[in-house]
Every structure is written in C-alpha cells, then in structure tokens.
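# Remarks on the overall topology
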Amino acid sequence: MIDEGLKSELQKQGVYVTTLEDLYNWGRANSVWPLTFGLACCAIEMMAASMARFDLARFGAEVFRPSPRQADLMIVAGTVTKKMAPLVVRIYNQMPEPKYVIAMGACAISGGPFKQGYNVLKGVDRYLPVDVAIPGCPPRPEALIHAIMTLQEKILAQKLTGPDRPRHLNADVASEFPVPAYGPHDLEPPKNDAVWHPTVIKR
Amino acid sequence: METLEQIKARLEAALPSAKIEVLANECAAGERSLLVDAASGFTVAKFLRDDAQLKLDYCSNVTGVDWPDKELTEKIKVKQVVDGVEKEVEEVKKNIRPGYLEVVYHLYSMGLKHGPVVLRLRTENRADKTHLPSLTPLWRGAEFQEREVYDLYGVIFYGHPDLRRILMWDEFVGFPMRRDYIAPDDFEYEPTPHDEVLVEAKKHYPAEPKAEVKP
Amino acid sequence: MNALATPPKNFEVKPKLAANGEELGELLEVSMGPHHPSTHGVFRMDVVLDGEKVVKLKPVFGYLHRNHEKIGENISYLANMPYTDRLDYFCSMTNNWAYALTIEKLAGLVVPERAEYIRAIMAELTRLQNHTCLIGFFVQDMGALGTPMMYAFREREKILDLFEEVSGARMMCNYMRFGGVRVDVNDEWIAKTKKVVADYSKFLDEFGTFLTENEIVLARTQFVGVLPKDLAINASITGPMLRAAGVNYDLRKVDKYGIYSRFNFQVPVGEHGDIYDRYMIRVLEMRESIKILEQALRDIPVGPVMDPKAKLRGFRPKAGEVYGRVEAPKGELGFYVISDGSPNPYRYRVRPPSFINLTILEDMCLGHNISDAVVILGSVDIVLGEVDR
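Residues numbered from 1 in each chain as written. Chains lettered and ligands numbered in written order. Predicted model: local features only at pLDDT ≥ 70, side-chain atom pairs only at ≥ 80, totals over all residues. Heavy atoms only, no water.

### Some thoughts on the interface of chain B and chain C
- Each side of the interface is counted separately: chain B has 57 residues, and chain C has 54 residues.
- In total, chain B and chain C occlude about 4600 Å² of area from one another, counting both sides; carbon and sulfur atoms represent 53% of this.
- The interface formed by chain B and chain C holds six salt bridges in total.
- Ionic pairing is found between Arg120(B) and Glu321(C), a salt bridge with its closest N-O pair at 2.6 Å.
- Our enumeration of links across chain B and chain C arrives at 29 residue pairs in polar contact (both at pLDDT 80 or more).
- For the side of chain B that touches chain C, the class distribution of residues is 29 nonpolar, 11 polar and 17 charged. (Contact = heavy atoms within 4.5 Å. Buried area = accessible area lost by both parts, 1.4 Å probe. Salt bridge = Lys/Arg side-chain N within 4 Å of Asp/Glu carboxyl O. Polar contact = N/O pair within 3.5 Å; in protein donor to acceptor, adjacent residues only side chain to side chain. Nonpolar A, V, L, I, M, F, W, Y, C, P; charged D, E, K, R; others polar.)

Have a look at this one:
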C-alpha cells in the first residue's frame, strides 16, 4: 500500500500514483452494464431511470444489455413469482463473473404487497445473493440511481487479494447456484440454504 | 333490451329441454342472471348468440366461482314429552348444501350495443363431476378465460380446443383459487408477523431454550 | 383431483414433409421469452418457425401471476384499491376508476360532480401517457432503439408530475375512492394541466412528423398482422385493436359512464385492421383525449369530491354481485365482484383487456416473419401485470 501522504505529495508534483486494485475497481465501478431484466412495475421505473429526465448514463450504468452474457448487474425489478424464479436463477448463472444483484422494490426484497400470494416468491434472496436492496413500491428512479452509486462504493471497496477477496477471484467459491425445479405445490427446494441467511430476530 | 323473463320465455319456447332459472340479485345494480343446466348450456348460449333480437356476439367476461359445501341451519319446532308434560321444543336441524363450481359468462352485443346478459352454469359437485360444456366454439374470446377457470378452479370444459394449465406450471397439483386451497407454507421468516401469518411463522421458530433452574 | 395425469406439451415439432413423404427440412421451435427484450415483460411465446416464417405460435402466461384475485378475496374492499394500481402499471388511474365504479354500482353510491370531472381528467391523462409510451415501445420493436422512447418518456414524465402532485405517487396513484376521489385538486394544478394539455398537440405533431409517414414504419406495418372484423368481435377484442378492425365500440360512448356523455368527442375507427391502423387509432385517440381534457378543464365545477354517504372504513356492501367496466387505454377493463355482506369480497375477478386481446395473437402472426411477430405483439399493447394478474 502506498502512503497517503506521499501520494498527495506526488500528486502536487504532477505524478499520479495508484494501486492496481484501485485502478481495477475504478474501471469496474464506473462501467456497470445492467441486464435488461424487467419483471413487473419496477421495470417501468428502471426504464424511466435510463430515459430523458433521470439519465442513468451520468453514472456509467446506462448500457442495458439484453443478453446475460454481456451484463454485470442484474436489477431484479419486480415481483419474482414461483413460476419465474427458476428462470431468474438460470439467467443469473449465465452471467459472467464479476456479477452483482440489486433487488429493486418491495416485491423483490420480500414479496412486498403480494407476499400472501401462493405463487409469489418471498424475496429473491432465497436463491440469489443480493448486494443492494431498494425499498419502495415502486422505488423512484432516484432511488435506483442511489442504489447503483451504493453498488459502485461496494465495488470500489473490494480487496483483490486476501481471504476477503470477492467471489470471482476465489476459485473455490461457486458462482452458479442450483436452479430450483417446479414441484407439485411449491418450488423444490423452496429456498437455497447456502445463500439465504435471514436475520434472526429474538422474540 | 328484453327483460330476463322475456328471454327466458323465448328460450323455453325454443328449447323445451332446457332448465332455466332467473336468479335474483339484491345489490344496488341488480343485474340478475340466467342459471342454465349444464346439459343445455351450449344450445342456450348458441341461441343467445344467434337470436336476431339479442345478437349477443361479444362474450366479455368468463369467471369461475367456488361455492364449497355450506352448512344451513334450520330451526324446527318439535313436540316432545318432557317429564310427562308435552312441550314444544326448538330443535336445530343441520343440512349440508352440497358445494359446486360455477362459471359465469357476461354477454354483450357489439352490434346492438346492449347487455349484459349474465349466464351461469353449475357443475354437479366440486370433486369428480366438474364437467361443463365449453363455449369457446361460440366465442373465441372465452378460450383463455376458460383455460384460466380450469387452471384455478378445476372446471373441465369439454369441447375446449386446448385445455391446459395457463397461469400455473404444468406440474402443479390442485386448484389455487378454490376457497379450501392451502397455500404452501413459506413463512419461515417474517420480520413483522401478525394474525394468521404469526401462527404459521411460529411453527418455524426454533424451540425456546428452557430457563435454567437455579439450584 | 382430476388434474390431467400427464401434462400435455405445448406442441410437438414434426419435420416438414413433402407431398411424397420426403423430409424437406426441419421446423425450428423457439421459445421467445420470458426474458426477452421485446416481449414487454415476462411474456413468453413458443414459436415454430419454417425458415423465418411463423407456422405456429402459442403464448405462455403466468410468469407474473401474483395472485391478485386470491389476495383480493382475503382483504377488505378498500384495501384492494392499491392492488388495482399494480394491475396495469401504466394506467393506475383507469384501474382505480374501474374498481371504484364497480363498487359504486354494488353499493349504490353517487359520485359528486367535481369528482366525476377529476376522474375523467385523470383517465384521459392516463390514456395520453399510455398511448405515447406504447408508440415508443412499438417503434423500438421495429428497431428504432432508444430515441423514440426517450421522447415518449419525456412527455410521460410531465403527466406523471401532475399525478404525483395530486396523489403523492408517480405510478401507483391509489387516488380514487368509492364515491369520489381521495383529495381535491387546486386551481394551480388545473392551470398546470391546461399547459401540459396545450403543449401535447405540438408534441404529437412532432412525433407524427417522424413516424406517421415514415417509410420504414409504413413498410413494416401496413397489411401486417391483419385482424378481420368478425374475428375481432368473436374473440372479444376490445379497445384500440377492436376499433382498428373497424368496429365502432367505445365504452365511453356505449355505456356513457361517468360524465362522458357531456363531452364532444369522436371515436376513431380503422379500416384494415393492420398494425398501421392500430398505430393511427392510438394517435387519433390521443387527439380526441386532448379535446376531452380541454372541455373538462374548462367546465370543472366547484364542490365536494366525496359522496358524504360513502363509508371507507368498515365498508360492507349488501350481498349481491356486479360487473362494472370502463374503457381503459388497453380495452375494456372490467371488475366482477360478488359480495356476501362481509367486509371482504366473496369473489373478486378482473377482466383484463390485454390478456384477452392476446387470444388472436397466433392468427395474426401466422405466415409472417418472426421479426413481424415482435411488432404485432407490440401493437397489441400488453402489460404483464394485467395479463397474468
């Protein structure tokens, strides 16, 4: 690591010194390519975020790719139903590492207003690791922009070496998750215990 | 448009075998409906569509309704001898009205711009005799809606060209819109459970450690 | 339960045979969707292709089936209002109106004059933004990526600002109540709306200059996806699609719900029933909506906005059943409610226009190229929240 004092001293002299880690993360954070993946109402706000008034392009995340092979970020925008959940997991598996997930809206976080439904998945985090969650029904485009900035901060803070290094730099950690199957009443399995860690509330 | 009684009279004249009943509706709008027996459902619907005065060429809405077995209580006065004295005693008699599934069609006329005529068909029961004639050959607009009624209620429409599940996946068992359907239990984690959800969620809570008894 | 023992497959793909039984080549089965950029959400169509020609197409639904009707039967009448916003999430105002109108019919509530005007204004603004966005999407389906959408969404934002100011939410307005509307609008809001409406025809002129006589639009849409008049009626098609096929059936004129009988407007009717007519009908409908808006904003009276008899909490209508419908931007949106006198509806059913309009998708697409099928789907105007509910 370079000494901060020395770094600023050198900058005054017109020499910019950085680490490979910072440079690498800086590049990744400012060119997030989201997947065009609209599920429900929130998708319209996601579109609005990339359109004229809100202009997601200012934050380097406007290149919506229709193919999961070209995308880094999956914005789960809307209600994930049980019929859709296996496909969501499969699309996630098809994305190359490094990849991130934003759960946009109450439905993607927990099922939201439709939580009582028999065909509604109670949160996409049962099958996928979620990096940023945006509350709201639907969240405003500004909230999505904020979530992308939060994700950028998260990417910038990632260490490339050591035990805390991200998943894509650790060959031992799986980057794909098992796709649930349609069962007679519910998905099988109904949740992926390797991914899903709900908060324990003491009662 | 004619009143339902007039339509019923004309239907009975044209189709003597059909059993038709006009059902009352007590709410403010008071749209009454025609209950037709399942066997003559198709011919009645065809008459309604092709009749020159009615010309109900537009089948707007197809709905399933589930009416489970209902317990009806009736109070009957029975004379009984109690302690040597004859008395009138009220006895509660319980009848069970067998349940059925119902399909409701809302018919309008686009040409004559009138309607609706509400047509109802009922199945015999909810378990094994849930067959009804499909009206898709008459109105194609009923195709997906009847599939939906099959998917969610389990009414089997004979004569339907393509009767498959439409909203749920093919492997799904059961009919989720029926009133006795039990949704899969996935309340393992609830941040703010209450009422029924709390009861369900409690089943998943880890057993509370027993308080240590001080010696 | 008598569910089918072995679920039938959508269809089997057999090799293409010549008259003498010789194999000519293979048909290709393509599953388009549910994750596809041009299926307008999580819609899927299973297509069988002979080269590029569509020989079979089956829509597959249910990827956004979030149990709207089941939830509606388990919550109170009023609590259902915000759920109706999420049916067709472009047009929450007309969804609210259809539901409120149905319950008003059920309970016999009278809507005050001013509230009727506000409702009509909201519904026509909704129609404007829905049709504008639809045209943006549908031109995008033809390959004009991005730019038309940018313009459409720019105009939509102006209308959403009006909604937000009065209801507090951009998309999910939850604005109408049984017997009126939730809050009154002020004069400042009316002045702003007048300005937006006045500017809208200029935008339509601009949009029209680029699209209406555009050579690519003409080539891709004229005589493509033709829907004959008889089939349209028989398949219960409603809304702009029906009128493009040449049937003059607009619920605003037929049922005259609300105060539509007071406005002077026309119902545009198409001739050929092709995609171009469907596009043109929507453009003309927007012009008519502007006329209605101008009249409504001019004539809006002063007064209360809620029926004083209307009871929001503990609302228990008498037993009975009702079917109410309005002309939503996508077609006839109907609600069928059975009440058993309890606080929750016994049966709550939505008649979704875009779901039923998809019935004839296969008929329209057969024989066309797969790229045309995308444009045909775009011209149907579907929103999956409503299709799958």
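### Re helix H6 (residues 141-156) of chain A
All names here are of chain A.
- The terminal C-alpha atoms of H6, which comprises 16 residues, lie 23 Å apart, in line with the 22 Å expected from a rise of 1.5 Å per residue.
- Of all the positions in H6, only Pro141, Leu144, Ile145, Ala147, Ile148, Leu151, Gln152 and Ile155 are classed as buried. Take H6 and look down its axis: the buried residues cluster within an arc of 155 degrees, on one side only. Structural note: H6 exposes His146 and Glu153 on the side pointing more than 90 degrees away from its buried face.
- On its buried face, H6 is in contact with helix H2 (20-29), helix H3 (41-50), strand S1 (73-77), strand S2 (100-104) and strand S3 (132-134). (Helix = DSSP H or I, 4+ residues; strand = E, 2+ residues; numbered from the N terminus. Expected span 1.5 Å × (residues − 1). Buried < 20%, exposed > 50% of the residue type's maximum accessible area, 1.4 Å probe, protein only. Arc of directions from axis to C-beta.)

### Regarding the sheet that holds strand S8 (residues 320-328) of chain C
All names here are of chain C.
- Across the sheet, which stays open at both edges, the three strands sit in the order S8-S9-S10 with antiparallel pairing between neighbours. Each edge of the open sheet carries a strand with a single partner, namely S8 and strand S10 (345-351). Mean inter-strand twist for the sheet, computed between neighbouring axes without regard to direction, equals 10 degrees.
- Judged from the nine bridges that link them, S8 and strand S9 (residues 331-339) form a sheet pairing that is antiparallel. (Pairing = 2+ DSSP bridges. Axes fitted to C-alpha atoms, helices over the stretch in contact; angles between N-to-C directions.)

### Section: the sheet that holds strand S6 (residues 100-109) of chain B
All names here are of chain B.
- Within the open sheet, the five strands sit side by side as S1-S2-S7-S6-S3. Their pairing is mixed. The open sheet is flanked by strand S1 (20-23) and strand S3 (58-67), the only strands paired with a single partner. Along the sheet, successive strands turn relative to each other by an average axial angle of 25 degrees, direction set aside.
- Packed on one face of the sheet, helix H2 (residues 41-50) meets S1, strand S2 (33-36), S6 and strand S7 (114-122) and runs near 175 degrees to S7.
- Most of the contacts of helix H3 (residues 142-153) go to S3, to which it runs at about 5 degrees, and overall it touches S3 and S6.

### Focus on empty space enclosed by the protein
- As enumerated under the stated definition, the model contains six cavities of 30 Å³ or more in all.
- Computed from the structure, the largest cavity encloses a volume of approximately 60 Å³.
- Along its surface, the largest cavity is lined by 13 residues, and Cys41(A), Cys42(A), Cys107(A), Cys137(A) and Arg66(C) are the ones closest to its centre.
- When contributions to the lining of the largest cavity are tallied by element, the ones reaching two or more residues are H3 and helix H5 (105-110) of chain A.
- It is H5(A) that contributes the most residues to the lining of the largest cavity, three residues altogether.
- Looking at side-chain class alone, the lining of the largest cavity contains eight nonpolar, three polar and two charged residues.
- As for the second largest cavity, its lining consists of Val62(B), Thr63(B), Gly64(B), Gln145(B), Glu148(B), Val149(B), Leu152(B), Tyr153(B), Glu69(C), Arg347(C) and Arg349(C).
- Those elements that provide at least two residues to the lining of the second largest cavity are S3 and H3 of chain B together with S10 of chain C.
- At five residues, the largest contribution of residues to the lining of the second largest cavity is made by H3(B).
- Looking at the lining of the second largest cavity, its residues break down into four nonpolar, three polar and four charged. (1 Å grid on protein atoms, 1.4 Å probe; cavity = no way out; pocket = protein on both sides within 12 Å on 5 of 7 lines; lining within 4 Å. Points joined across faces, edges and corners; volume = space filled by probe spheres on them.)

### A short note on the confidence of the model for chain C
- On average, residues of chain C score 86 in pLDDT, and 95% of them are at 70 or above.
- Long-range and interchain partners of residues 1-8 of chain C, a stretch whose pLDDT sits below 50, account for 16 contacts in this model, where long-range means more than four residues apart. (pLDDT = per-residue confidence, 0-100.)

### A look at the domain arrangement of chain A
All names here are of chain A.
- Domains assigned within chain A are domain 1 (1-30) and domain 2 (32-188).
- In this assembly, domain 1 packs against domain 2 so that about 880 Å² is buried in total across both faces, 49% of it on carbon and sulfur atoms.
- The largest per-residue losses of area from domain 1 upon contact with domain 2 belong to Glu21, Arg28 and Ala29, which jointly make up 60% of the total buried on that side.
- Across the domain 1-domain 2 interface, the total number found is one salt bridge.
- Applying the counting rule to domain 1 against domain 2 returns seven residue pairs in polar contact (both at pLDDT 80 or more).
- Of the residues belonging to the side of domain 1 that touches domain 2, the class tally is three nonpolar, two polar and two charged. (Domains from an automatic or database assignment.)

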